[in-house]
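Close look at the chain arrangement
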Amino acid sequence: MSQRSPTLATSDAIPAPPARWRLRLLGAVELLDHQQHPQRLPTRAATLLLARLAMAPQRQHPREELVELLWPGVDNETGRNRLRQALSVLRSLLEPNQPLPVDAPASTGAATRPATAGGPPPAVLHADRRAVWLANHAVACDVAAFEQAQAQGRSDECLRLYQGELLPGHFDEWVLEQRAHLAARAEALALRQPPANATPGPTPAPPSPSEARLPRYLTRLIGFEAAGAALAAAVAPQRLVVLRGPGGAGKTRLAVEVARALAERAQGQMGQALPTAVAFDLVAFVPLASCSNRQQMLDTVLHTLQQASAADANAATQQVVRSLAGRRVLLVLDNFEQLVEAGRQDLARWLSDLPDLHLLVTSRRVLGLDGETEQVLPALPLPQPGASLAEDAMNPALALFVDRARAARADFQLGPNNHAQVAELVRALHGLPLAIELAAARLRSLGLNDLLSMLLASTAHPCGQALTLLVRSGNRAPDDARHASMLQVLQWSWQQLSGAEQTFLAGLAACEGGAALALLSHLCMTGAADPSLAQAALLADALVAASVAYTSTDAQGNHRFAVFEPMRELVFMQLGAPGVAILRARHSQAVAAWAVEQGERAALPAVRSEWANLLRALATGAPLAPPGAEPVADANAETQANAEQAINTALSLRQALEDLLLPPSALDHLRAAANAAPAHRTGWVQALLAVHSFEGGQRQAAAQHAAAALAAPTPAPEQAHVLRCVARVRMRLGDELAPVLALADQAIALARQHGQMVELCSALTTHGVLLLRRDHDRQADLQRAQQLLALWRQHGPPERVAAGLLGVALSLGFLHRVPEQLVLLDEARALATQRGQQRLLAFTTSVTGYALADLRRYAESAVCYRQCLQMTWDSASWREWFYALWNLPRTLAHLRQPEPAAQLMGFAQAFYAQRFGQLGAEDLPEARRTRRLVVAQMGAERTAQLWNQGAQLPMADAMRLALNQVPPA
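Residues numbered from 1 in each chain as written. Predicted model: local features only at pLDDT ≥ 70, side-chain atom pairs only at ≥ 80, totals over all residues. Heavy atoms only, no water.

1. Description of the overall build of the protein chain
Scanning the protein chain from terminus to terminus reveals 42 helices and 14 strands. In the protein chain, buried positions account for 52% of the 969 residues. A total of about 42,700 Å² of accessible surface is found on the protein chain, and carbon and sulfur atoms cover 53% of it. (Helix = DSSP H or I, 4+ residues; strand = E, 2+ residues; numbered from the N terminus. Buried < 20%, exposed > 50% of the residue type's maximum accessible area, 1.4 Å probe, protein only. Areas by Shrake-Rupley, 256 points an atom, 1.4 Å probe, with all protein chains shown as cover.)

2. Remarks on the pairing of strand β9 (residues 282-287)
The element β9 is largely enclosed, with a buried count of 5 among its 6 residues. The pairing of β9 with strand β10 (residues 329-334) spans 6 bridges and is classified as parallel. Bridging from a neighbouring strand, Pro287 pairs with Asp334 of β10. (Pairing = 2+ DSSP bridges.)

3. Here we look at helix α27 (residues 664-676)
Counted at 1.5 Å a residue, the expected span for α27 with its 13 residues is 18 Å, and the 19 Å between its end C-alpha atoms agrees. All of the buried residues in α27 are Ala666, Leu667, His669, Leu670, Arg671, Ala672, Ala673, Ala674 and Ala676. In this fold, the buried residues of α27 make contact with α25 (611-621), α26 (637-652), α28 (682-695) and α29 (699-711). (Expected span 1.5 Å × (residues − 1). Contact = heavy atoms within 4.5 Å.)

4. Describing the packing of α25 against α26
Two elements in contact, α25 and α26, have axes separated by 8 Å at closest approach and are oriented at 155°. Here α25 lies roughly antiparallel to α26, going by the angle between them. Like other packed secondary-structure pairs, α25 and α26 cross with a definite hand, here left-handed. Each of Leu614, Leu618 and Gly621 in α25 lies in contact with α26, whose residues at this interface are Asn642, Ala643, Ala646 and Thr649. (Axes fitted to C-alpha atoms, helices over the stretch in contact; angles between N-to-C directions. Parallel < 35°, antiparallel > 145°, perpendicular 65-115°, else oblique. Left-handed = near helix turned anticlockwise from the far one by under 90°.)

5. Looking at the confidence of the model for the protein chain
Of all residues in the protein chain, 86% attain a pLDDT of 70 or more, and the chain-wide mean is 80. Per-element mean pLDDT across the protein chain ranges from 42 in helix α7 (residues 209-212) up to 93 in helix α41 (residues 940-951). Contacts of residues 193-212 to residues separated by more than four positions or lying in other chains number 12 contacts, the stretch itself having pLDDT below 50. Under a pLDDT of 50 for its full length, residues 474-481 has, in the predicted model, 5 contacts with residues more than four places off or in other chains. (pLDDT = per-residue confidence, 0-100.)

6. Some points on the sheet that holds β10
Pairing within the open sheet is parallel, and its 5 strands lie in the order β9-β10-β11-β8-β12. On the outer flanks of this sheet lie β9 and β12 (373-376), each paired with one strand and no other. For this sheet, the mean inter-axis angle between neighbouring strands, taken without regard to orientation, is 15°. Here strand β8 (residues 240-244) runs beside strand β11 (residues 357-363); their pairing, made up of 5 bridges, is parallel. Within β11, the residue paired with Leu240 across the bridge is Leu359. Against the sheet, helix α8 (residues 225-235) touches β8, β10, β11 and β12, its axis set at about 160° to β8.

7. A few points about the pattern of salt bridges
Applying the stated rule across the entire model yields 41 salt bridges. Across the pair Asp346 and Arg294 runs a salt bridge, and its minimum N-O distance is 2.8 Å. Remark: Arg294 occurs in helix α10 (residues 294-304) and Asp346 occurs in helix α12 (residues 340-353); sequence separation between them is 52 residues. Taking relative accessible area as the criterion, Asp346 reaches 3% and is therefore assigned buried. (Salt bridge = Lys/Arg side-chain N within 4 Å of Asp/Glu carboxyl O.)

8. Comments concerning the packing of helix α20 (residues 499-509) against helix α23 (residues 565-598)
Packed helices, taken two at a time, are described by the angle their axes make and the gap between the axes. Contact geometry for α20 and α23: axes closest at 9 Å, N-to-C directions at 80°. Our classification of the angle between α20 and α23 gives roughly perpendicular. For the pair formed by α20 and α23, the contact residues are Thr503, Leu505, Ala506, Gly507 and Ala509 on the first element and Met567, Arg568, Val571, Phe572, Leu583 and Arg586 on the second. For the contact of α20 with α23, the residue count by class is 7 nonpolar, 2 polar and 2 charged. (Nonpolar A, V, L, I, M, F, W, Y, C, P; charged D, E, K, R; others polar.)

9. Remarks on the packing of aromatic side chains
Given two aromatic rings, their pairing is described by the distance between the two centres and the angle made by the two planes. Inspection of every chain in the model, using the stated rule, returns 14 aromatic pairs. Ring geometry for Phe694 versus Phe916: centroids 5.4 Å apart, planes at 55°, classification tilted. Of this pair, Phe694 sits in helix α28 while Phe916 sits in the loop between α39 (898-915) and α40 (924-938), and the two are 222 residues apart along the sequence. Each of the two residues, Phe694 as well as Phe916, counts as buried. Each member of the aromatic cluster is reached from another via a ring pair, and the members are Phe694, Phe843, Trp873, Trp878, Trp881, Phe882, Tyr883, Trp886, Phe907, Phe911, Tyr912 and Phe916. Above the face of the Trp174 ring, Arg52 is positioned so that its terminal group lies 5.0 Å from the ring centre. Across the ring face of Trp947, the terminal group of Arg931 is positioned such that the distance to the ring centre comes to 4.3 Å. (Phe/Tyr/Trp six-rings, centres within 6.5 Å; stacked < 30°, edge-to-face > 60°. Lys NZ or Arg CZ within 6 Å of the ring centre and 35° of its normal.)

10. Structural notes on the state of the cysteines
Per the stated rule, a full pass over the model turns up 0 disulfides. The thiol sulfur of Cys868 is not disulfide-bonded, and the nearest other cysteine sulfur, from Cys864, lies at 9.2 Å. Assessed through its relative accessible area of 0%, Cys868 is described here as buried. (Disulfide = S-S within 2.5 Å.)

11. Description of the pairing of strand β6 (residues 131-134)
Two faces, one strand: in a regular strand the side chains alternate between the faces of the sheet. Residues Ala131 and Trp133 point to one face of β6 and Val132 and Leu134 to the other, with burial holding for every one of them. Pairing between strand β4 (residues 61-62) and β6: 2 bridges, direction antiparallel. Residue pairing for β6: Pro62 is matched across the bridge by Ala131. Relative to β6, strand β5 (residues 125-127) is paired through 3 bridges, and the arrangement is antiparallel. Across the sheet, Leu125 pairs through a bridge with Leu134, a residue of β6. Here β5 folds back onto β6 in antiparallel fashion, the turn holding 3 residues.

12. Quick notes on the sheet that holds β4
Strand order across the open sheet formed by 3 strands is β4-β6-β5, with antiparallel pairing between neighbours. Only two strands of the sheet have a single partner each, and these edge strands are β4 and β5. Against the sheet, helix α1 (residues 44-55) touches β4, β5 and β6, its axis set at about 70° to β6.

13. Looking at unusual backbone geometry
Here the phi dihedral of Gln306 falls at roughly 60°; this positive angle occurs in a residue that is not glycine. Summarising the element assignment, Gln306 is placed in the loop between α10 and α11 (313-324). Of the residues examined, Gln306 reaches a relative accessible area of 63% and is grouped as exposed. Of note in this structure, Arg856 is not a glycine but carries a positive phi near 65°. Here Arg856 shows up in the loop between α36 (838-854) and α37 (858-875).

14. A word on the environment of Ala234
By secondary structure assignment, the location of Ala234 is in helix α8. In this structure Ala234 comes out as buried when scored by relative accessible area, which is 8%. When the C-alpha atoms of Ala234 and Glu374 are compared, they prove to be 9.2 Å apart, with 140 residues separating the residues in sequence. Excluding residues that lie within four positions of it along the chain, Ala234 makes contacts with Val241 and Gln375.

15. A closer look at the nonpolar core
If you look at the biggest cluster of nonpolar residues, it comprises 182 residues, and the most contacted ones within it are Leu360, Phe401, Leu425, Leu505, Leu520, Leu662 and Leu869. If near-sequence neighbours (up to four positions away) are discounted, Leu869 is found in contact with Trp881, Ala884, Leu885, Leu888, Met959, Ala962 and Leu963. Core analysis: the next-biggest nonpolar cluster, separate from the first, contains 49 residues, Leu50, Met55, Leu87 and Val132 among them. (Core = buried A, V, L, I, M, F, W, Y, C linked by side-chain atoms within 4.5 Å.)

Structure below.
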């Protein structure tokens, strides 16, 4: 049978008819029907509307007032519509069998007529065109009962009714005002002393043994509902549960609250939310933070159990067994990580000798005992960037910050002007409850913007001092000393690691966004030893077991290890600037070794997963000169070696870098490497810079790098690659065909001479495109593409097979053999998806859209272009993005959307000219054909006007315009 909510009892002093509904708003939000069955309030608006009405049940609430409270800032019509919807939702919940028009005229009196015998029950909600109100005694609300009891001087009943803050989880301005008002009144009542001549009341009963040994907290537990339910569900059936998590994650608090809930359930005070398999007659909390050896641990356990200390450790553990024999006991052993080696055998013996003993152990390390059930306590979920105020208000990490901030500064409120800053701040604190609490306490003296800027400025640089901000002021009890600051919390975890684990943790901290085992195996090498995946796996597992690192799966499905961000900052603080520089160099060497191991046939998903580490290694090996510094004419040996290492790292991944574009910052570092490296190592990197500069829209830089690549003394094995890349760039820059063809011919000859089949196929591909531009022989082009595809299938790598399929498909399209073309495009898309070739996948999707338009399947064509636009925008692949924009207008024109078609074509033409230069001869007919279609629909003058307007559009506006015209897939 459901229990009656203790907060909703009506006053005995004023009799009233029984309420049809009971609404609890203090400490929780709960709606009970007349049989005490809980009912779910379906929407936020319905919840707040009912709360506002029930808190003042005798008042008629003007509609305009309710609109402004629930949806501040909306226009009148929108607000009234939303109010009608919320009223409809409430009516369907509160009056399921009695429909009534929401906007009944005020003068009809229909809303107040009594129910007839055997008819429907009387209405709960009343509304006319002016106001909304509740029927008398229809909804009993604890807030209204609290205010009535206070008005009548019944302080004891007020304190019984006030079981927590108003509408927890809601942060609307009016809610915050009422919350503060009620909290202040409750606090004043609690502090009021009885008169000196008052008759003493009965002495309260002493706390039960279950409750006497559990700490009590003055703050609310926020954000741990799911974790608490999971922990309670584990403790009941399992006899050894280890609650593991990083320092500051809230393990102790959660363990205590779950233990208290289990103890209260044993006394018949709990509902049905927790498992009922075990009812403990003793729940005891054992604080072990100050214990460093077995004897201290055993003495603390005996003290908690109110037993005298024993002569030695063996006698003490026997005494624990004797004192607990025959009882159903839950022991909470808090902060056990430093006692794992010394004390776990005692735990094993107690569990063996005491069949009714359950242990809940909080620890940053696993115990390694048989039957151990591990519960990992994650950080609080973080608010998403760009979320609305309503979404942020429901986020646990943000709610915790707001709650603790208001404890430090009563006037702090979450609102439209600060919710973005608060969200960014809790993201910077990585969802760790202790860090959030300590930061919120800083608002006592710092402004929100000042605190945020200090944290971000600190965490953005190695050896930052963000941790020094997160310190609790005032005196702390001895058991809490480690939690007085995040720095102490993290140093404690660091001290529990072995020397090898600390070294490996430092290496992992140098990895941007973590790393997979293949890279970590190079970080844990010592001397000339070979990289060991097994050794890396053991050390990484030890760090995860010690709660200083965690595992994740990236977008490519790769398993990765990473350091918790505050621990990473501690590592940098421990090492200092010189140590961090050495660590960065070690990381750069490991990435270089990993790149060599991956080789030319590196899988794209693996390279993409370590992309951040690759960019960090390039930056370390080839640092940029300070602004305004003169170029170094003769770099020293160490600088040359580092630059050559950066070049070799990129050279090892040359095939992957055919598909993945380096960002401008990485290109800057490679330019620095080219300037510092020996002359014979610069030809290849200049060719790479030429290709990536062109793809990034830097035409002038691409031309300069292409010239530098030809001028550099390049070793014979790399000459074919350099010549082919230069020919590719100069072709796209619009240089004369004859000299560019000569470069491609040289590349083909050199690749054949050195037996470089992959390079030969790539050079033949460039050569074929040049011949097509010169001869326009579509049939010959198809034959060359088919021969190339056969070579790719024979020699690989698999990534190039997809490019070969696309080449044949393009040739079929030129010959108007579209059905055959679509078959190959589907195969190319499937292979590109399988191999993680995002740029090729995007371009193949765009070509598929063009082929579908050739078949007059314009709606499907538009969907393909939308997909391509989104993929290329997200990856900053601007040439592929351009082709989607270039081809989309023809489809839009056929879909009778000539205005956006003209604007987008004008933008695309100007964009390519600015970024990449002249369009190829095969592209120009597309512009003429689209323009004819648009002119036929809206005339030449309007077409020219919109075409010119499009040429002036910013990129983001062009993207929005394109996506707004295309329905999602």
